[in-house]
Amino acid sequence: MITALDHIAIAVPDLEKSIKRFMDDFGLSFDGTEDVIAAKTSTAFFPVPPTNIELVHPLNGDGPIAGYLEKKGGGLHHLCFRSDNIEEDVERLTAKGYQFLGDAPSPGAHGSKVIFIHPKSCDGVLVEINQPADSH
Ligand SMILES: CC[C@@H](C(=O)O)C(=O)SCCNC(=O)CCNC(=O)[C@H](O)C(C)(C)COP(=O)(O)OP(=O)(O)OC[C@H]1O[C@@H](n2cnc3c(N)ncnc32)[C@H](O)[C@@H]1OP(=O)(O)O
Ligand SMILES: [Co+2]
């Protein structure tokens, strides 16, 4: 079951510059950076209760964010719903016709499991579903 809006992600071409923007200009608290190797993505999180902003940037210049930045230069990239049982939600949504990217959840930030729904399945919005580490 989906339980919360876990985060909204913004793809940024200059991670350090954007971290400064969200801390200094918008005054958000900064939860640190994490390189997620399985996703080829560097992340920076800002809690904005009850959700979070996630900045995403290509890790080593490669991966899905690199392609997005090349085409769009940056922008709102995805939203993420938190699930209390990701496998069950994937099965339920697949039966409704949603097209998932990948066959099974993979490692995400903070030890979570994540999977994505193709934007063409969802009105042009890339949707991530995650299950936090403490509820696996
Ligand atoms: C750090 C881990 C994790 C977390 O814990 O939070 C993350 O958030 S990781 C974040 C990065 N990972 C991903 O984004 C994985 C899922 N994404 C993908 O697999 C790909 O990006 C994609 C969505 C399949 C697109 O890749 P590709 O098909 O190679 O790119 P195209 O440029 O050809 O796009 C095809 C089509 O889709 C539209 N598109 C692409 N990206 C987005 C987007 N973010 N939001 C909305 N639409 C998107 C693109 O415009 C194309 O549309 P058309 O031109 O109409 O065909
Ligand atoms: Co994300």
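It should be emphasised that the depicted structure is a prediction, and the values quoted were computed from it without experimental measurement.

## Digging into the coordination of the cobalt ion (ligand 2)
Between any two of four tetrahedral donors, the ideal angle at the metal is 109.5 degrees; between two of six octahedral donors, it is 90 or 180 degrees.
Here is step 1: In the first shell of the cobalt ion (ligand 2), the protein supplies His-7 (NE2), Glu-54 (OE), His-78 (NE2) and Glu-128 (OE), at 2.1 to 2.3 Å from the metal.
Here is step 2: The site at the cobalt ion (ligand 2) holds six donor atoms, and with the angles between them running 74 to 169 degrees, its shape is octahedral.
Here is step 3: When its relative accessible area of 7% is taken as the criterion, His-78 is described as buried.

## Description of the UniProt feature "domain: VOC" (unreviewed entry) in the protein chain
Here is step 1: UniProt marks residues 4–132 with the feature "domain: VOC" (unreviewed entry), using the numbering shown here.
Here is step 2: Segment residues 4–132 splits into 23% helix and 43% strand. End C-alpha atoms: 11 Å apart.

## A closer look at the side chain of Thr-43
Here is step 1: Among the structural elements, Thr-43 can be located in strand S3 (residues 41–48).
Here is step 2: Beyond its immediate sequence surroundings of up to four residues, Thr-43 is in contact with Gly-32, Thr-33, Glu-34, Val-36, Glu-54, Leu-55, Val-56 and Ala-109.

## Things to note about the site of ligand 1
Here is step 1: Around ligand 1, 22 residues are found, and the nearest of them are Glu-54, Lys-71, His-77, His-78 and Ala-109.
Here is step 2: The contact in question runs from an oxygen atom of ligand 1 to an N or O atom on the backbone of Ala-109, over 2.9 Å.
Here is step 3: Interatomic distance of 3.0 Å between a side-chain N/O atom of Glu-128 and an oxygen atom of ligand 1.
Here is step 4: With the chains in place, 67% of the 1,100 Å² that ligand 1 exposes on its own is no longer accessible.
Here is step 5: Of all the elements, helix H2 (residues 64–72) adds the most residues to the shell around ligand 1, at four residues.

## Re the pattern of salt bridges
Here is step 1: By the definition in use, this model includes five salt bridges.
Here is step 2: A salt bridge links Glu-87 to Lys-113, with the nearest nitrogen and oxygen atoms 3.0 Å apart. Here the residue Glu-87 occupies a position in helix H3 (residues 86–95), and Lys-113 occupies one in strand S7 (residues 113–117), the gap between them amounting to 26 residues.

## Remarks on the sheet that holds S7
Here is step 1: The eight strands lie next to each other as S2-S3-S4-S1-S5-S8-S7-S6, forming an open sheet whose pairing is mixed. Two strands in the sheet have a free side with no partner beyond their single neighbour: strand S2 (33–36) and strand S6 (100–107). Strand-to-strand twist of the sheet, defined as the mean angle between neighbouring strand axes without regard to direction, takes the value 25 degrees.
Here is step 2: Examined bridge by bridge, S7 and strand S8 (residues 127–131) share five bridges and lie antiparallel to one another. Within the sheet, the bridge partner assigned to Ile-115 lies in S8 and is Ile-129.
Here is step 3: Each of strand S1 (2–11), S3, strand S4 (51–58) and strand S5 (75–83) touches H2; the most contacted strand, S4, lies at about 85 degrees to it.

## Here's the deal with the nonpolar core
One broad trend across soluble globular proteins is that nonpolar side chains are buried collectively.
Here is step 1: Counting nine residues, the largest nonpolar core is built from Ile-10, Val-12, Leu-15, Ile-19, Phe-22, Ala-44, Phe-46, Ile-53 and Leu-55.
Here is step 2: Counting residues per element, the ones that place at least two in this core are helix H1 (15–25), S3 and S4.
Here is step 3: Setting aside chain neighbours within four positions, we find Ile-19 in contact with Phe-30, Thr-33, Ala-44, Phe-46 and Leu-55.
Here is step 4: In terms of nonpolar packing, the next biggest core, distinct from the first, is built from eight residues, Ile-86, Leu-93, Phe-100 and Val-127 among them.

About the cut-offs
Residues numbered from 1 in each chain as written. Chains lettered and ligands numbered in written order. Predicted model: local features only at pLDDT ≥ 70, side-chain atom pairs only at ≥ 80, totals over all residues. Heavy atoms only, no water. Donors = N, O, S within 2.8 Å, 3.2 Å for Na, K, Ca; no water. Tetrahedral: all angles 85-135°; square planar, octahedral: opposite > 155°, others 65-115°. Buried < 20%, exposed > 50% of the residue type's maximum accessible area, 1.4 Å probe, protein only. UniProt positions renumbered as here; feature names shortened; annotations may be inferred. Helix = DSSP H or I, 4+ residues; strand = E, 2+ residues; numbered from the N terminus. Contact = heavy atoms within 4.5 Å. Near = heavy atom within 4 Å. Polar contact = N/O pair within 3.5 Å; in protein donor to acceptor, adjacent residues only side chain to side chain. Areas by Shrake-Rupley, 256 points an atom, 1.4 Å probe, with all protein chains shown as cover. Salt bridge = Lys/Arg side-chain N within 4 Å of Asp/Glu carboxyl O. Pairing = 2+ DSSP bridges. Axes fitted to C-alpha atoms, helices over the stretch in contact; angles between N-to-C directions. Core = buried A, V, L, I, M, F, W, Y, C linked by side-chain atoms within 4.5 Å.

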